[in-house]
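Close look at the chain arrangement
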Amino acid sequence: MSKASTFAVQRIDHVVLRVRDIERSIVFYRELLGCELVKRRDDLGLVHLRAGASMIDLLSVDGSIGRRGGPAAGEQARNMDHLCLRVEPFDEAAILALLEAQRLPRSAKAQINFGAEGDGPSIYFSDPDGNLIELKGPAVSPQ
């Protein structure tokens, strides 16, 4: 931590994704990624999913908070660039087979990209709302 700062960032705490169909998205994140639903705020159109040490919050574009963000994202308008999830183990063949079985648009193979732990393998795919997700394996060359 620098002298000019009063805090040091440790990790991503949570990411909030605006979604068109919150129930469909809950199923997607629970069944495909193994996230755990830990809290619902139906009055706000908001759910909190545990993703390892972090959270993925899903916000309905039709909910009271979600309406503030305007129309749902699409081909020409996104809510974010991508969400990167560190996964273990990183079995490229198994991950690609899972995504193929789900008929999800994905990268053809793993790529080596820089992340919080250094350079490591990544596979990209999209969720049902077109949000880009990166599954990241362990670093092959630490930073």
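Not measured: the values here are computed from a predicted model.

Right, let's get into the overall build of the protein. What the protein contains, in helices and strands, is 2 helices and 9 strands. Once the C-alpha set of the protein is aligned to its principal axes, its extents read approximately 50 × 45 × 30 Å. Out of the 143 residues belonging to the protein, those deemed buried represent 39%. When contacts within the protein are restricted to residue pairs at least 6 apart in sequence, those whose partners lie at least 24 apart make up 47%. Between the mean site of the 18 positive side-chain charges and the mean site of the 20 negative ones, the protein shows a separation of 4 Å.

Now for the sheet that holds strand S4 (residues 54-60). With respect to topology, 4 strands assemble into an open sheet ordered S1-S4-S3-S2, the strand pairing being mixed. The outermost strands of the open sheet, each flanked by one partner alone, are strand S1 (14-19) and strand S2 (36-41). Within the sheet, the average angular offset between the axes of one strand and its neighbour, ignoring direction, is 20°. Taken together, the 6 bridges between strand S3 (residues 46-51) and S4 define a ladder with antiparallel strand orientation. Across the sheet, residue His48 finds its bridge partner in S4, namely Asp57. On top of the sheet, helix H1 (residues 22-31) reaches S1, S2, S3 and S4; it is set at about 160° to S4, its chief contact.

A few words now on the pairing of S2. On a regular strand, each side chain points to the face opposite its neighbour's, so the side chains alternate between the two faces of the sheet. As paired strands, S2 and S3 are joined by 5 bridges and run antiparallel to one another. The residue bridging Lys39 from the neighbouring strand is His48, located in S3. Hairpin connection, S2 to S3: the antiparallel pair is bridged by 4 residues, and Gly45 has positive phi, about 75°.

Here we come to the pattern of salt bridges. Scanning all chains against the criterion turns up 8 salt bridges. Residue Asp42 is joined to Arg40 by a salt bridge in which the shortest nitrogen-to-oxygen separation is 2.9 Å. Judged by relative accessible area, Arg40 falls into the partly exposed class, the value being 34%. Taking the shortest distance from any N to any O, the salt bridge between Arg86 and Glu88 comes out at 2.9 Å. Here Glu88 falls in the exposed class, since its relative accessible area comes to 59%. Each of Arg20, Arg24 and Asp129 takes part in one network of salt bridges that share partners.

Most of strand S7 (residues 118-126) is tucked away: 8 of the 9 residues are buried. Pairing of strand S6 (residues 111-115) with S7 involves 5 bridges; the strand directions are antiparallel. The partner of Gln111 across the bridge, within S7, is Ser122. Between S6 and S7, which pair antiparallel in sequence order, lie 2 residues. Strand direction decides the pairing type here: S7 and strand S8 (residues 132-136), joined by 5 bridges, are antiparallel. Its bridge partner lying in S8, Ile123 is registered against Leu135. Where S7 hands over to S8, the hairpin turn is made up of 5 residues, of which Gly130 adopts a positive phi near 85°.

Parameters at a glance
One numbering rule holds for all chains: residues counted from 1, following each sequence as written. Where local features are concerned, this predicted model is filtered to residues with pLDDT of at least 70; where side-chain atom pairs are given and counted, the filter is 80 or more; whole-chain, interface and lining totals use all residues. Hydrogens are left out, water is left out, and the side-chain values use all remaining heavy atoms of the structure. Strands here mean DSSP runs of E at least two residues long; helices mean DSSP runs of H or I at least four residues long; both are numbered from the N terminus. With a 1.4 Å probe rolled over the protein chains alone, any residue whose accessible area is under 20% of its type maximum counts as buried; one over 50% counts as exposed, and the rest are partly exposed. Contact between two residues is taken to exist if any of their heavy atoms lie within 4.5 Å; hydrogens are not considered. For this count, His and the chain ends are skipped, Lys and Arg are scored as positive, and Asp and Glu as negative. Throughout, a charge is located at the NZ atom of Lys, the CZ atom of Arg, the CG atom of Asp or the CD atom of Glu. When DSSP finds at least two bridges between two strands, those strands are taken to pair. To define axes, lines are fitted to C-alpha atoms, for helices over the stretch in contact only, and angles between the resulting N-to-C directions are given on a 0 to 180 degree scale. Basic side-chain nitrogens of Lys or Arg form a salt bridge, by our definition, when they fall within 4 Å of a carboxyl oxygen of Asp or Glu.

No statement about biological role is implied by the geometric values presented.
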